[in-house]
Amino acid sequence: MNLAQISLRHKNNLSHHITQGTSWLARSAEGEETAALSYAAFELRFGIELLAVYYWATLLNRKPEADDLYDIGAFKRIEKRIYELAGHQKEIDDHFEFMRIVLGALKIDASFLTPQIGKLKSYWHDCSELCHVGWPLACSAPEVRKAAFASLTEISQALTSQVASMGWPVLQDATFAGLRDKFV
């Protein structure tokens, strides 16, 4: 892996920052190149934020207006709006389980992972820790580097799987949504 494989321009597709983070992670020599871990964390954090914004925009189910853009200024606000629009994690889990049943009945076999908003928040915090001055001060310890590399590897794999999933279905039909609500 060389630096030529790392894009120097941002793209708005969901996988871009995750791919960037994964590239920096590969460049880190399993965590020994600590600056590469910092860049991996930074890009993966962008990837988490973009995925959360994608979920929010999907759930908004309309074109965002100027006032809505305040919601995406901080991860905590995006998280809050997702929960307001979709319900808390139990309701999200049940919505996705209902949709898996529907897909199964239609004999549609595709990756369909339930977004874990609390896990995204945890990943965001883990990545953020490597974007602050404490990281360069602590990274001389081998166990700290190994732990950071393992954490970022888990985050990268989880985000890659989530982005490859079918997304977040929003039910437009009131009768069908009512059936889902009864299931939930």
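Keep in mind that this is a model prediction, so the values were computed, not measured.

Caption draft 1: Structural detail: the nonpolar core. Residues Ile48, Ile82 and Leu152 are the most contacted members of the largest nonpolar core, which totals 43 residues. Counting only elements with at least two residues in this core, the list comes to helix 1 (16-27), helix 2 (34-60), helix 3 (75-86), helix 4 (89-105), helix 5 (117-129) and helix 7 (142-164). For this core, the leading source of residues is helix 2, giving 13 residues.

Caption draft 2: The arrangement of the pattern of salt bridges in detail. Going through the model one piece at a time under the given rule, you end up with 11 salt bridges. Residues Glu84 and Arg81 are paired through a salt bridge, measuring 2.8 Å at the closest nitrogen-oxygen approach. Here Arg81 and Glu84 lie together in helix 3, a separation of 3 residues that amounts to about one turn. The partly exposed category is assigned to Glu84, whose relative accessible area is 46%. With a shortest N-O distance of 2.9 Å, Asp94 and Lys90 are connected by a salt bridge. Of the two residues, Asp94 and Lys90 both sit in helix 4, 4 residues apart, roughly one turn of that helix. A relative accessible area of 57% places Lys90 in the exposed class. One salt-bridge network, held together by shared partners, links Asp71, Lys80, Arg81 and Glu84.

Caption draft 3: Just the environment of Val170, in detail. With respect to the helices, strands and loops of the structure, Val170 is situated in the loop between helix 7 and helix 8 (174-183). Taking relative accessible area as the criterion, Val170 reaches 28% and is therefore assigned partly exposed. Linking Val170 and Ala57, residues 113 residues apart in sequence, is a C-alpha distance of 11 Å. Aside from chain neighbours lying at most four places away, what touches Val170 is Thr58, Leu59 and Asn61.

Caption draft 4: How the structure looks around helix 1. Between its first and last C-alpha atoms helix 1 spans 17 Å; for 12 residues at 1.5 Å apiece the expected length is 16 Å, and the two agree. All of the buried residues in helix 1 are His16, His17, Ile18, Gln20, Gly21, Ser23, Trp24 and Leu25. Those residues of helix 1 that are buried lie in contact with helix 2 and helix 7. Residue Ala29 follows helix 1 closely and has a positive phi angle near 55°.

Quick notes on the rules
- Every residue gets a number counted from 1 within its own chain, in the order that chain's sequence is written.
- Local features in a predicted model are, by the rule used here, given only for residues with pLDDT of at least 70; side-chain atom pairs are given and counted only at 80 or more, and totals for whole chains, interfaces and linings are based on all residues.
- Side-chain descriptors were evaluated using all non-hydrogen atoms of the structure, hydrogens and water having been removed beforehand.
- Side-chain atoms within 4.5 Å link the members of a nonpolar core, which is a set of buried Ala, Val, Leu, Ile, Met, Phe, Trp, Tyr and Cys residues.
- Burial classes follow relative accessibility: with a 1.4 Å probe on protein chains only, a residue under 20% of its type's maximum area counts as buried, one over 50% as exposed, and anything between as partly exposed.
- Runs of H or I in DSSP of at least four residues are treated as helices and runs of E of at least two as strands, each being numbered from the N terminus.
- Any carboxyl oxygen of Asp or Glu within 4 Å of a side-chain nitrogen of Lys or Arg constitutes a salt bridge here.
- Throughout, a residue-residue contact means that at least one pair of heavy atoms, one from each residue, lies within 4.5 Å.
- Between the first and last residue of a helix there are one fewer steps than residues, each counted as 1.5 Å, and that sum is the expected span.

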